[in-house]
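Fold and contact review
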Amino acid sequence: MSLRERSPGGAAAAVEAGEDAAATLAEPDGPERCLSLLPWDRFSAWLHCVCVVGFDLELGQAVEVIYPPHSKLTDKEKTNICYLSFPDSNSGCLGDTQFCFRFRRSTGRKVSLCCFLDQLDRDLPVYLKKDPAYYYGYVYFRQVRDKSLKRGYFQKSLVLISKLPYVHLFRTMLKQIAPEYFEKSEAFLEAVCSDVDRWPPPAPGKILHLPIMGIIMKLRIPTYRDKPGTTPIVQNMHQADAQISMALPTVHEVDLFRCFCPVFFHIQMLWELVLLGEPLVVMAPSPSESSETVLALVSCISPLKYCSDFRPYFTIHDSEFKEYTTRTQAPPSVILGVTNPFFAKTLQHWPHIIRIGDIKLPGEVPKQVKVKKLKNLKTLDSKPGVYTSYKPYLNKDEEIVKQLQKGVQQKRPTEAQSVILRRYFLELTESFIIPLERYVASLMPLQKCISPWKSPPQLRQFSQDDFMKTLEKAGPQLTSGLKGDWIGLYRHFLKSPNFDGWFRSRQKEMTQKLEALHLEALCNENLVFWSQKHTEVETVDLVLKLKNKLLQADREQLPVKTETLKKLQTHINDIILALPDDLQDILLKTGTT
């Protein structure tokens, strides 16, 4: 609706209609409102709850403890946590094992995130934003011989449930607290949770100090403003006190080279399969290997967000087991990590299967491994490799393989190999996405089309044919030397969930930019002069619409300068002061000036 459309019912009715919106804006906003935190609010910004899962001879896996006690989990969520917190019996994980899983939240659950935490989420890179439909579970599982128990084994998992995909942070945290928890039990767990409830909010871009049982973890969460591929170094602290500090180089990244080592001759093909949202299953000997490999696959198209479902560790007891293994329809766009041999039979019809053995860093140069035919995959005992009939669109990049092989020969540290691999994936993804970014930017209306007295103009429609025409002169060949069927790859990508998610996100950003430009155009008008030329009803109508604009800017966090918002507020005040006293009183009582 444009600003000149009139509200029915005269000036007083227009004022009353706007009072609800005005009252909302009158509340304090931003960190001031949201940092008046209640007990456990700080904890909830990082974790939903902490669970202890044990093994009962009669019941099987069972949740023994949930902390804090008021944390809510549905029966379905508890069941998923129970089964996903223990390795399959065939994994034979003796000792301590760490892994992670991801599961759907039950529908109808209220999402309680205050505006400040929403704001923090907006500052994250798109691939680190929370998905309100899912929880992550970070597991520290211990299985040791214990003759005093009937089964002869002590089996227990300490599990952190969180909406945050910060796998390295929570893995590090569990490594610090889990061994001590198994010795000291519940009182220790309560102390851990109290520590977390003193943590600052998970603000992107800031150096955060997180105390946990006598140790301070120092880290930085990335922001969307960071240049892709760069990680600002977090230095270790030199403190006079006795507390030990630990600097985390990342909150979310896994060891890429270690994960891709068993299949690194196929990394480019795997990048294509992930980019296109193809159904992929990782068959591994343990949940550690399956979860790390799935997370590595999802991250290989960064800074693009992988928009389909992915399950770092998936079991036959999972609530989506039937949905994901049915043969009555094509396999869904999902990446599954599995360890149970039963899946070798159940998922035979899936088009792309990665079979990995125990992940060990090679002491010698791996030999060339051919892509295997799916019919040769009979059991989980089949040889490691990639089983698919997929033909990559792009020619193989031999350079990256040689570079990594040379690194193995020279005993280059795995961290350095991972940096090389991450940069390779980043450059490949950016070469692919830049032509799309350039074309989508051209759909934005020109600034001269924005009038303060009309609604903001709409974005032009995305046309696949028009986009394809741009590739001849402004395609990936400008930034990548790789040859191959780039056109075919784009055609396939435009039908994928990853394109849909990416385009929706860009559409939203550009629409908000148009709203912001519209606000600026309004601020540059002499609104008081305009109001003097129009009736009281039209003037009040304008005031209410301007207030709604301010509300929208706050609610949607539009990319508008603070000065612009202040200027618009000044315009509103000046217009109100030029009105008769009775209308001034009503408008001022709304509390938005």
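If you look the chain up in an unreviewed UniProt entry, it shows as DENN domain containing 6A from Calidris pygmaea. Under Sequence similarities (unreviewed entry), UniProt gives the following word-for-word description of the chain: "Belongs to the DENND6 family."

Describing the pattern of salt bridges
Counted by the stated rule, this structure contains 24 salt bridges. With its nearest N and O atoms 2.8 Å apart, the salt bridge here joins Arg102 to Asp309. Of this pair, Arg102 sits in strand 3 (residues 95–104) while Asp309 sits in strand 10 (residues 309–311), and the two are 207 residues apart along the sequence. For the pair Arg102 and Asp309, a shared accessibility class is recorded, and that class is buried. The structure contains a network of salt bridges with shared partners spanning Arg102, Arg104, Asp131, Asp309, Arg311, Asp318, Glu320 and Glu323.

Some thoughts on the sheet that holds strand 9 (residues 280–283)
The five strands lie next to each other as 10-11-9-12-13, forming an open sheet whose pairing is mixed. Edge positions in the sheet fall to strand 10 and strand 13 (385–388), since each of these pairs with one other strand and no more. On average, each strand axis in the sheet is inclined to that of its neighbour by 15°, with strand direction left out of account. Direction of pairing for strand 9 relative to strand 11 (residues 334–338): parallel, over a ladder of four bridges. Paired with Leu280 across the strands is Ile335, a residue of strand 11.

What about empty space enclosed by the protein?
Empty space among the atoms can be located by rolling a probe the size of a water molecule over them. Under the counting rule described, the total for this entry stands at two cavities of 30 Å³ or more. Roughly 50 Å³ of volume is contained in the second largest cavity. Taken together, 10 residues make up the lining of the second largest cavity; nearest its centre are Ser44, Ala45, Trp46, Ser162 and Lys163. If one sorts the elements of the lining of the second largest cavity by residue count, helix 4 (residues 41–46) sits on top with three residues. Of the residues that constitute the lining of the second largest cavity, the class distribution is five nonpolar, three polar and two charged.

A short note on the side chain of Ser290
As for its placement among the helices and strands, Ser290 is situated in helix 11 (residues 287–299). Of the polar contacts made by the side chain of Ser290, one reaches the backbone oxygen of Pro287; its length is 3.3 Å. Discounting chain neighbours no more than four positions away, the residues touching Ser290 are Val282, Ala284, Pro312, Tyr313, Gly337, Val338 and Thr339.

With respect to the sheet that holds strand 7 (residues 215–220)
The strands that make up a sheet are held in pairs by hydrogen bonds between backbone atoms, and each pair lies either parallel or antiparallel. Spatially, the three strands line up as an open sheet ordered 6-7-8, and their pairing is mixed. Pairing within the sheet leaves two strands with one partner each, and these edge strands are strand 6 (207–212) and strand 8 (244–247). Averaged over all neighbouring strand pairs, the angle between strand axes comes to 25°, with direction disregarded. By the bridge criterion, four bridges tie strand 7 to strand 8 in an arrangement that is parallel.

Re the side chain of Arg506
Summarising the element assignment, Arg506 is placed in helix 18 (residues 497–523). If sequence neighbours within four positions are ignored, Arg506 has contacts with Glu437 and Val440.

Section: the packing of aromatic side chains
Across all of its chains, the model carries 37 aromatic pairs by this definition. A ring pair is formed by Tyr306 and Phe310, whose centres lie 6.2 Å apart and whose planes are at 70°; its orientation type is edge-to-face. You can call Phe310 buried: its relative accessible area is 6%. Arranged with centres 5.9 Å apart and planes meeting at 75°, the rings of Phe493 and Phe499 form a pair that is edge-to-face.

Describing the environment of Leu446
Examined against the element boundaries, Leu446 turns out to sit in the loop between helix 15 (414–441) and helix 16 (464–474). Its relative accessible area of 52% is what places Leu446 among the exposed residues.

Some words on unusual backbone geometry
In the segment running from Tyr67 into Pro68, the intervening peptide bond is cis, with an omega of -5°. Along the polypeptide, Pro68 turns up in the loop between strand 2 (60–67) and helix 5 (75–84). Here the bond from Ser302 into Pro303 is cis, since omega is 10°, no more than 30 degrees from zero. Relative to the helices and strands, Pro303 is located in the loop between helix 11 and strand 10. One non-glycine residue, Trp40, lies in the positive phi region at around 75°. Here the phi dihedral of Met213 falls at roughly 50°; this positive angle occurs in a residue that is not glycine.

What about a negative patch on the surface?
Taken together, the side chains of Glu536, Asp581, Asp582 and Asp585 define an acidic patch exposed on the protein surface. In terms of residue count, the dominant contributor to the negative patch is helix 22 (residues 581–589) (three residues). Structurally, the position occupied by Asp585 is in helix 22.

As for the nonpolar core
Counting 113 residues, the largest nonpolar core has Trp46, Met173 and Phe260 as the members making the most contacts within it. Among the elements that make up this core, the one with the highest residue count is helix 15 (10 residues). The contacts of Met173, once residues within four sequence positions are left out, are Leu47, Leu160, Val192, Val196, Trp199, Ile212 and Met217. The next biggest cluster of nonpolar side chains, apart from the first, holds 24 residues, and it includes Ala516, Leu546, Leu558 and Val560.

Definitions and cut-offs
- Residues numbered from 1 in each chain as written.
- Predicted model: local features only at pLDDT ≥ 70, side-chain atom pairs only at ≥ 80, totals over all residues.
- Heavy atoms only, no water.
- UniProt positions renumbered as here; feature names shortened; annotations may be inferred.
- Salt bridge = Lys/Arg side-chain N within 4 Å of Asp/Glu carboxyl O.
- Helix = DSSP H or I, 4+ residues; strand = E, 2+ residues; numbered from the N terminus.
- Buried < 20%, exposed > 50% of the residue type's maximum accessible area, 1.4 Å probe, protein only.
- Pairing = 2+ DSSP bridges.
- Axes fitted to C-alpha atoms, helices over the stretch in contact; angles between N-to-C directions.
- 1 Å grid on protein atoms, 1.4 Å probe; cavity = no way out; pocket = protein on both sides within 12 Å on 5 of 7 lines; lining within 4 Å.
- Points joined across faces, edges and corners; volume = space filled by probe spheres on them.
- Nonpolar A, V, L, I, M, F, W, Y, C, P; charged D, E, K, R; others polar.
- Polar contact = N/O pair within 3.5 Å; in protein donor to acceptor, adjacent residues only side chain to side chain.
- Contact = heavy atoms within 4.5 Å.
- Phe/Tyr/Trp six-rings, centres within 6.5 Å; stacked < 30°, edge-to-face > 60°.
- Patch = residues over 30% accessible without salt bridge, like charges linked within 9 Å, V, L, I, M, F, W, Y side chains within 5 Å.
- Areas by Shrake-Rupley, 256 points an atom, 1.4 Å probe, with all protein chains shown as cover.
- Lys, Arg positive; Asp, Glu negative; His and termini not counted.
- Charge placed at Lys NZ, Arg CZ, Asp CG, Glu CD.
- Core = buried A, V, L, I, M, F, W, Y, C linked by side-chain atoms within 4.5 Å.

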